[in-house]
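Here is what each chain is made of, one letter per residue.
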Amino acid sequence: MASSPSAGPASRSSSPGTPLRVGVVGLGMGSVHVEAYAAMPDVEVVALAGKEVDRLAELGAQYAVPHLLADWADLVALPDLDIVSIATPNALHHPITMAALAAGKHVFCEKPLALDTAQAREMVAAAVEHDRVLEVAFNHRRRADVQYAKRYLDEVGIGRIYHARASWKRRAGIPGLRSWFTSKRMAGGGALIDLGPHVLDSLLFLLGERKVVAVSAVAHGELGRAGYGAMDRSEQMASDTGAFEVEDLASALFRFDDGSSAAFEITWAGHTVDDEDISIELLGVDGGLRLFVPRYASDDTLRIFRDVAGRPVDIAPDVHVPGGEHPLVIAEFIEHVRSGQWQHHRGDFALHRTEVLDACYRSAAEGREIRLEP
Ligand SMILES: NC(=O)c1ccc[n+]([C@@H]2O[C@H](COP(=O)([O-])OP(=O)(O)OC[C@H]3O[C@@H](n4cnc5c(N)ncnc54)[C@H](O)[C@@H]3O)[C@@H](O)[C@H]2O)c1
């Protein structure tokens, strides 16, 4: 059944052919949002907000954006906006989302949804209360190799998957060492909350959305504190607290509701061979599947392992990853807004991902296994 949107600025957003009016907050990843919206028919970027004055003017001119603003609150207050698209430091995701939903706007938010479970629950509840779409940018699952792996699992299968290993490991990849990314207050955490949402999302997607019921995790921030591991671009980013307050390594064991398990490890830095390597291995009773993406590789990233006539056989599907996953996710979000079926898109997927990451932080802080509330 279609939702019946309340009268208000966003009530026209389910009518096909009516241009949707978007405001984008943030000029880093936000510029990717602007480009994606601007390329879509019947979608207009009418407002842009960000602190970098020159970049704001440049993007505004490039995409002919009429409203250029320094602060998100002025953007959310614009009366004729249907959508607010958020690409700000993580700590602003919650206040901007809450204000935008209350003002009747649909929200597309960068990962992570929120700093913690309490915030995420409020955001999902607000999407329900105000009857609007809330969606999060999980673009990695849109990679062609992840999509193919899912299709293989659905159509062929590898038997019951009893264990998985998932990781994103960098050798020297702390984004903006001593910027907002390394501020506990602004980012909510380090490597785990930054890269973890993508790996966790792809893992849960491939596992058919089985639920994590318990986590046991550790977190370390040794390299960042010692001054190692910065990415090149860190110098270009504004300093916030001037301190490294977060983890550069987190490692966890997940227990799922069906008795299966996963080892999960995320690092921004490490004196080791791994250098921008993303890996998801699924171990099934009748076969295995390994996605291994070194340095954002776009070919030869997938292997399937089976026993055929008593001999081990490796399958290497010919899948090319063309890239450009963000526009796909944004196009899907626009489709959901247009569908009027808003009740299916309230950020629930993202909520479980935040619950799991939040439980990891609590487990690491308290030194014990944390069970998630059912
Ligand atoms: N999905 C992905 O693959 C992906 C990739 C990179 C970053 N991200 C996410 O995107 C978000 C932004 O990351 P980034 O790399 O673009 O960071 P960034 O530091 O490059 O950009 C943050 C932007 O927020 C703006 N901002 C800060 N305070 C503001 C305010 N009060 N009002 C208006 N604008 C304000 C800044 O001016 C800046 O333009 C983060 O949540 C990050 O996790 C997602």
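Conventions adopted
Position labels on residues start from 1 in each chain and follow its written sequence. Local features in a predicted model are, by the rule used here, given only for residues with pLDDT of at least 70; side-chain atom pairs are given and counted only at 80 or more, and totals for whole chains, interfaces and linings are based on all residues. Heavy atoms from the whole structure form the basis of all side-chain values; hydrogens and water molecules are not counted. Whenever a carboxyl oxygen of Asp or Glu lies within 4 Å of a side-chain nitrogen of Lys or Arg, that contact is scored as a salt bridge. Every helix listed is a DSSP run of H or I at least four residues long, and every strand listed is a run of E at least two residues long, numbered separately from the N terminus. Using a 1.4 Å probe on the protein chains alone, a residue whose accessible area is under 20% of its type maximum counts as buried, one over 50% counts as exposed, and one in between counts as partly exposed. Confidence per residue, as judged by the predictor, is encoded in pLDDT with a range of 0 to 100. Every residue pair with non-hydrogen atoms within 4.5 Å of one another is taken to be in contact. Any residue with a non-hydrogen atom lying within 4 Å of a molecule or strand is treated as near it. Two N or O atoms form a polar contact when they lie within 3.5 Å of each other; inside protein one atom must be a possible hydrogen donor and the other a possible acceptor, and for residues adjacent in sequence the pair counts only when both atoms belong to side chains. Here, Shrake-Rupley sampling with a 1.4 Å probe gives the accessible areas, and only protein chains in the shown set may cover a residue. In the scheme used here, Gly and all other residues not listed as nonpolar or charged are polar, with Ala, Val, Leu, Ile, Met, Phe, Trp, Tyr, Cys and Pro taken as nonpolar and Asp, Glu, Lys and Arg as charged. For the domain bounds, the source is a domain assignment made automatically or taken from a database. Here the rule is simple: two strands pair whenever DSSP picks up at least two bridges between them. UniProt positions are given in the numbering used here, feature names are shortened, and annotations may be inferred rather than shown by experiment. By nonpolar core we mean a set of buried residues, namely Ala, Val, Leu, Ile, Met, Phe, Trp, Tyr and Cys, connected to one another through side-chain atoms within 4.5 Å. Working convention: axes come from line fits to C-alpha atoms, limited for helices to the stretch in contact. Angles between N-to-C directions cover 0 to 180 degrees. We call two directions roughly parallel when the angle between them is under 35 degrees, roughly antiparallel when it is over 145, roughly perpendicular when it lies between 65 and 115, and oblique otherwise. Crossings are classed by handedness, with left-handed meaning an anticlockwise turn of the near helix from the far one by less than a right angle and right-handed meaning a clockwise turn. Like charges within 9 Å and nonpolar side chains (Val, Leu, Ile, Met, Phe, Trp, Tyr) within 5 Å are joined into patches, using only residues over 30% in relative accessible area that form no salt bridge.

A. Structural context of the pattern of salt bridges. Scanning the model with the defined rule gives 23 salt bridges in all. Its salt-bridge partner being R121, residue E355 comes within 3.2 Å of it at the nearest N-O pair. Placement of the pair is E355 in helix α11 (residues 348-366) and R121 in helix α5 (residues 117-129), with a sequence separation of 234 residues. Look at R121 and you get partly exposed, because its relative accessible area is 34%. Between R225 and E222 there is a salt bridge; the shortest N-O distance is 3.7 Å. Residue R225 and its partner E222 are both found in helix α9 (residues 222-225); the two are separated by 3 residues, about one turn of the helix. Overall, E222 belongs to the partly exposed group, its relative accessible area being 47%. Each member of the salt-bridge network shares a partner with another, and the members are R141, D201, E209 and R353.

B. Examining the confidence of the model for the protein chain more closely. For the protein chain, mean pLDDT is 93; residues scoring 70 or higher make up 93% of the total. Note on residues 236-240: pLDDT under 50 across the span, and 14 contacts to partners over four residues away in sequence or across chains.

C. Local environment of the site of the ligand. L27, M29, K51, E52 and N90 are the nearest of the 28 residues found near the ligand. A distance of 3.1 Å separates an oxygen atom of the ligand from a polar backbone atom of T88. Between an oxygen atom of the ligand and a main-chain N or O atom of K111, the distance comes to 2.9 Å. Taking 850 Å² as the accessible area of the ligand by itself, protein coverage stands at 86%. Partitioned by chemical class, the residues of the shell around the ligand number 13 nonpolar, 9 polar and 6 charged. Both of domain 1 (11-137) and domain 2 (140-323 + 356-371) provide at least three residues apiece to the shell around the ligand.

D. Representation of the pairing of strand β11 (residues 277-284) within the structure. With respect to burial, β11 is a largely interior element, 6 of its 8 residues being buried. Judged from the 8 bridges that link them, strand β7 (residues 161-169) and β11 form a sheet pairing that is antiparallel. Its bridge partner lying in β11, A166 is registered against I280.

E. Quick peek at the UniProt feature "domain: Gfo/Idh/MocA-like oxidoreductase N-terminal" (unreviewed entry) in the protein chain. Residues annotated by UniProt as "domain: Gfo/Idh/MocA-like oxidoreductase N-terminal" (unreviewed entry) correspond here to residues 20-138. Annotation note: span residues 20-138, helix share 40%, strand share 23%, distance between end C-alpha atoms 22 Å.

F. Just the environment of F205, in detail. Along the polypeptide, F205 turns up in helix α8 (residues 191-206). Excluding residues within four positions of it along the chain, F205 makes contact with R141, V146, Q147, K150 and R353.

G. Focus on the nonpolar core. Counting residues in hydrophobic clusters, the biggest one holds 58 residues, and the most contacted among them are L203, V215, F254, F264, L282 and L289. A per-element tally of this core places α8 first, with 10 residues. Leaving out residues up to four positions away in the same chain, F254 has contacts with L200, V212, A214, V215, S260, S261, A262, F264, V356 and C360. Counting 29 residues, the second largest nonpolar core, distinct from the first, contains L78, I96, L113 and A350.

H. Representation of the side chain of D82. If you trace the backbone, D82 turns up in the loop between α3 (72-76) and β4 (83-86). For D82, a relative accessible area of 0% corresponds to the buried category. There is a polar contact of 2.7 Å between the side chain of D82 and the backbone nitrogen of R21.

I. The environment of L351, seen in detail. The topology assignment puts L351 in helix α11. With 316 residues separating them in the primary sequence, L351 and E35 have C-alpha atoms 27 Å apart. Here L351 is in contact with L113, T117, A120, R121 and V124, once residues within four sequence places are set aside.

J. Structural context of the packing of helix α4 (residues 93-102) against α5. Two numbers describe how α4 lies on α5: the axes approach to 9 Å, and their chain directions differ by 15 degrees. Classified by the angle their axes make, α4 and α5 are roughly parallel. Regarding α4 and α5, the two cross each other, and that crossing is left-handed. Facing H93, H94, T97, M98 and L101 of α4, the residues of α5 in contact are Q119, E122, M123, A126 and A127. Per-class residue counts for the contact of α4 with α5 are 5 nonpolar, 4 polar and 1 charged.

K. Main features of a nonpolar patch on the surface. On the surface, a cluster of nonpolar side chains totalling about 190 Å² of accessible area is made up of V308, V313 and I315. Checked against the element boundaries, I315 lands in strand β14 (residues 311-315). Residue classification places I315 among the partly exposed positions, given a relative accessible area of 31%.

L. Spotlight on the sheet that holds strand β2 (residues 43-49). In space, the 6 strands of this open sheet follow the order β3-β2-β1-β4-β5-β6, with parallel pairing throughout. Edge positions in the sheet fall to β3 (67-69) and β6 (134-136), since each of these pairs with one other strand and no more. Mean inter-strand twist for the sheet, computed between neighbouring axes without regard to direction, equals 20 degrees. Across 4 bridges, the pairing between strand β1 (residues 20-25) and β4 is parallel. Bridge pairing in β4 links G23 to V84. Contacts from helix α10 (residues 325-339) reach β1, β2, β4, β5 (106-109) and β6 within the one sheet, and its direction differs from that of β5 by about 165 degrees.

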